[in-house]
Amino acid sequence: MTELTYTRHNPLIDPIFHVWEWQIPVYLFLGGLVGGLMIIAGIRLLVLRPNRREALVCCTLGPLIGLAALSLGMFSLFLDLGHKLHVWRLYTTFQVTSPMSWGSWILLLVYPALAANALAHLPEAIPALASRFPALVKISDFILARPRLVLFAGLTNTALGAALGIYTGILLSTLGGRPLWNSAVLGPLFLFSGLSTAAALLHGILVLTMPSGERPAFADFLLSALARMTQARPLDPAAAPILASADNSFLTVEVSLLGLFLLGHVTSTAVHHRAAGLLLTGPYAAPFWVLVVGLGIAMPLLLQTLELAHRIRHTLAPSLLVMFGGFALRVILVSAGQASRWFEALN
Amino acid sequence: MYAPFYKYGMFGDEVSLIVAFVIGIGFGFFLERAGFGSARKLAAQFYFTDMAVLKVMFTAIITAMTGLYLLARVGFVDLSMVYLVPTFVVPQIVGGLLLGVGFVIGGYCPGTSCVSAASGRVDGMVYIAGMFAGLLVFGEISRPLEGFLYSTPLGQVTLPAFFHLPYGVLVLAVVLMALVAFAVAEWAEKKTTGTAPDAEGSLTAMPWRLTPVRRLAGAFAVAGVLAVVLGNPYRGNTVEVDTRDLALGAARAQPLAPAKLADWIIQGRNDFTLVDLRTPASYGTYHIPGAQNVPLASLTADVAPRNQTLVLCTDDGAEAAQAWFLLKAEGFRSVYLLAGGLNGWRDQVLYPKAGPETSANDVARLSQVAQYFGGTPQTGVASAAAPPMPVLAPPVAPPIAPAGGTAGPKKKKEGC
């Protein structure tokens, strides 16, 4: 009896149900964001005539932010590791059947692809940096002088971005012990959520740099100081409606995938039905419907539709809402997934 | 299908939050469209240059009032289930003045400050920060102020009850008051700004045509007159007993696990009334903290407002079923039976049994709960690792826990 009591305290025998804390949703969010930024940047690079040089929010700022976000995300993933010093071992092997292995190699390949995309048009976007480091101009010239390299960079970015976005969802859906995550829809769901957050982020940056009379004076001051420091040319506001409408499409796909995800669970076994109940009527229902569906998808869809119809000005609000909603989606799915289980008695 | 939906159990807490979100977004959207996200617009009210706030708010009041009246009269809304904030005359006047001062200084009321902050205005954000700071301060000082906060109580009072007027007459009076207020507001705007009001949106402007605004005003007046004719919207004193519903309902009388009741009490929830149906003598010996003693014989519909959640308890639950039937017939919607009665309370809360399969966490929680209510500490966490866990049978006590059981809760009650 005593022994039983003691062993029940042992975390290696008694399963701990919520082992993933804030690090995983943060990583999933940033990973999805970077995947989205890569796809948008890759496509923009492919569409652009190679010899044209422009200051581009999609092709330069996007990948630069992507590099920073990816590093942050990988750092939070690293924080989650139980044996931090063993992280290098992931790169001594490649296991075809392990999503973790796929992920760690994809993450490694993402860096050069993102960097190539960022460097191609960097001298135009941030002239101050280019004049200080002439090597940057050389690299940019080197890339842009070779149309095939540009093509390759664009394709690689798109493909790796899609892989990264899908992999963040597959990472969850392969964990069979959690019925809520047991859905292949999670891959595309996270991909499109990542795409929507990426489009929203770029749209937000464009909105920030657009001339506006209502901006508080201190924000104007900060922005103009930043522009002076980087000698950056004004970004092309013509991309804003394109990004907003792309974001609307991504959000629409995302909400349909969410519907499919829930539908699949509700029409599956009783266990999956119960797992979906966590989001539909259970303890996660209110945060899920309010934060993810309401504030994260429906409101920005409405606002961006009004923006595109020229009913209201382009504002920062939809961009912030979409990013917040994307983050909330990961937090709620990771948390609710860990609350779902096959046997209620195990609770 | 009857409203209020939440009180009739059409959805639970989770869904009610989602409904609140949808209503809140809609409310905010229309406030913003009306221009109420701007402090200038709101402050213009106090200079009589733009009386939009008065017009919108008064319109909202008479829309809700005539709407509620008509829906209740048709039988769709059960007015007795609508929650009314209890009135405390002096504290609420003081609170109203404080709110007014804050309104004049900050240029917003709480609702419009949210709209303003959401539309990106920095002053609105500052106002919200101030609001939360104020709430925090009030939370800290509300305990010493309790005597004042609950002074001059009138209970849940309505204007018809207060003035002893028929409900419909009051509806008409408020509608007329609103229409007069709109006319006076237009006059004031004209005086202060010197410009004639826009003929299309005006109630009083001169070439007399039947504009939409006037049609709306007419509709309100008609609704008011109808209210006078149609009479009382309350269901009144007659009780309609739906025997089929009752018979079906009796089979699934809502039992409430003692552990859950314990949680409610510990959380300090005040949205339910715990009714102890035993004799005053047994009530005196031991009762669950916060319980109200209403012996079964003297139980009437006046025990609580009908929208209140009731939890009934007796010794073993048999009499409670009788009371449940009675209250259900009287139209109470959420009446719970304490599962197992006070015996269940004793076995599951005060002296819970912890078997070998109970996890250590649960044992710790159970013993904490038991200690909160003055249960014996033998069930305590200290014994979690000790062998005699199965021996933890409840001490054989007269009807309910002796000294330990009574002294504990009383002490707690004073503390709360």
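Definitions and limits used
Residues numbered from 1 in each chain as written. Chains lettered and ligands numbered in written order. Predicted model: local features only at pLDDT ≥ 70, side-chain atom pairs only at ≥ 80, totals over all residues. Helix = DSSP H or I, 4+ residues; strand = E, 2+ residues; numbered from the N terminus. Contact = placed C-beta atoms within 7 Å. Rg over C-alpha atoms; globule rule 2.2 N^0.38 Å. Buried ≥ 20, exposed ≤ 12 C-beta atoms within 10 Å, placed from the backbone. Bend = angle between axes of the 7 residues up to and from the residue. Pairing = 2+ DSSP bridges. pLDDT = per-residue confidence, 0-100. Axes fitted to C-alpha atoms, helices over the stretch in contact; angles between N-to-C directions. Parallel < 35°, antiparallel > 145°, perpendicular 65-115°, else oblique. Nonpolar A, V, L, I, M, F, W, Y, C, P; charged D, E, K, R; others polar. Core = buried A, V, L, I, M, F, W, Y, C linked by C-beta atoms within 7 Å. Domains from an automatic or database assignment. Expected span 1.5 Å × (residues − 1).

Turning next to the overall build of chain B. For chain B, the count of helices and strands is 16 helices and 7 strands. Here the contacts in chain B between residues at least 6 apart in sequence split such that 67% fall between residues at least 24 apart.

So, on to the overall build of chain A. Within chain A, the secondary structure is distributed over 14 helices and 0 strands. Against the globule reference of 20 Å for 347 residues, chain A gives a C-alpha radius of gyration of 22 Å, in line with a compact fold. Residues classed as buried in chain A amount to 44% of the 347 residues present.

Note on helix geometry: an α-helix contains 3.6 residues per turn, so any two residues three or four positions apart are oriented the same way. A bend of about 45° at A:Gly294 is the largest found in helix H13 (residues 285–308) of chain A. Summarising the contacts, the buried residues of H13(A) are in contact with helix H11 (239–266), helix H12 (270–280) and helix H14 (317–339) of chain A together with helix H1 (13–33) of chain B. Just downstream of H13(A), A:His310 is the residue with a positive phi angle, here 60°.

What follows is about the pairing of strand E4 (residues 272–276) of chain B. Residue and element names in this part refer to chain B. Pairing geometry for E4 and strand E6 (residues 309–313), over 5 bridges, is parallel. Counted as the bridge partner of Phe272 is Thr309 from E6. Relative to strand E5 (residues 292–293), E4 runs parallel, the two sharing 2 bridges. The residue bridging Asp276 from the neighbouring strand is Asn293, located in E5.

Residue and element names in this part refer to chain B. The share of residues in chain B with pLDDT of 70 or more is 83%, and the mean pLDDT across the chain is 79. Segment residues 377–416 is flagged for pLDDT under 50; beyond a separation of four residues in sequence, or across chains, it makes 63 contacts in the model. Scored by ipTM, the complex comes to 0.77, with pTM at 0.72.

Attention now moves to unusual backbone geometry. Look at A:His310: it is not a glycine, yet its phi comes out positive at around 60°. Looking at where A:His310 falls in the secondary structure, it is placed in the loop between H13 and H14. Note on A:His310: 9 C-beta atoms within 10 Å, which makes it exposed. Even without glycine at this site, B:His164 takes up a positive phi of about 55°. As for its position among the elements, B:His164 is in the loop between helix H7 (159–163) and helix H8 (167–193).

This brings us to the confidence of the model for chain A. When pLDDT is averaged along chain A, the result is 86; 91% of the residues meet or exceed 70. In the model, residues 1–8 of chain A has pLDDT below 50 throughout and makes 14 contacts with residues more than four positions away in sequence or in other chains.

Here we come to the packing of H11(A) against H12(A). Residues and elements named next belong to chain A. Packing of H11 against H12 brings their axes to within 7 Å, and their N-to-C directions diverge by 140°. Taken together, the axis directions place H11 and H12 in an arrangement best described as oblique. Along the contact surface, H11 presents Leu262, His265 and Val266, while H12 presents His272, His273, Ala275, Ala276, Leu279 and Leu280. A breakdown of the residues in the contact of H11 with H12 according to their chemical character gives 6 nonpolar, 3 polar and no charged.

A general tendency of soluble globular proteins is for nonpolar side chains to be buried together. Judged by nonpolar contacts, the single largest core of 96 residues is most densely connected at A:Val34, A:Met38, A:Val110, A:Ala199 and A:Leu202. Setting aside residues up to four positions removed in sequence, A:Leu202 forms contacts with A:Ile40, A:Val57, A:Cys58, A:Gly62 and A:Leu243.

Right, let's talk about the domain arrangement of chain B for a bit. Residues and elements named next belong to chain B. For chain B, the domain assignment lists domain 1 (13–230) and domain 2 (243–416). Contacts between domain 1 and domain 2 engage 5 residues on the former and 4 residues on the latter. Residue composition of the side of domain 1 that touches domain 2, grouped by class: 3 nonpolar, 2 polar and no charged.

All names here are of chain B. The strand order E3-E7-E6-E4-E5 describes an open sheet built from 5 strands, whose pairing is parallel. Each of the sheet's edge strands pairs with one partner strand only, and the pair in question is strand E3 (255–256) and E5. Two elements, E3 and strand E7 (residues 335–338), share 2 bridges in a ladder whose sense is parallel. Directly across from Leu256, in E7, lies its bridge partner Leu338.

All right, on to the pairing of E7(B) then. All names here are of chain B. In E7, alternate side chains face the same way, and those of Val335 and Leu337 on one face and Tyr336 and Leu338 on the other are all buried. Bridge count for E6 against E7 is 3 bridges, and the pairing is parallel. Bridge pairing links Leu312 to Leu337 in E7.

Residues and elements named next belong to chain B. Relative to the elements of secondary structure, Ala196 occurs in the loop between H8 and helix H9 (212–230). Look at Ala196 and you get exposed, because 12 C-beta atoms sit within 10 Å. Between the alpha carbons of Ala196 and Glu186 there is a distance of 8.9 Å; along the sequence they are 10 residues apart.

For the rest of this paragraph, the subject is the environment of A:Ala163. Turning to its location among the elements, A:Ala163 is positioned in helix H8 (residues 147–173). Taking the C-alpha atoms as reference points, A:Ala163 and A:Ser76, separated by 87 residues in sequence, lie 20 Å from one another.

Our next topic: H8(A). Residue and element names in this part refer to chain A. The end-to-end C-alpha distance of H8 is 39 Å, a good match for the 39 Å that 27 residues give at a rise of 1.5 Å each. When the local axis directions of H8 are compared, the greatest deviation, roughly 25°, occurs at Tyr167. Counting buried positions along H8 gives 20 out of 27 residues, so the element sits mostly inside the fold.

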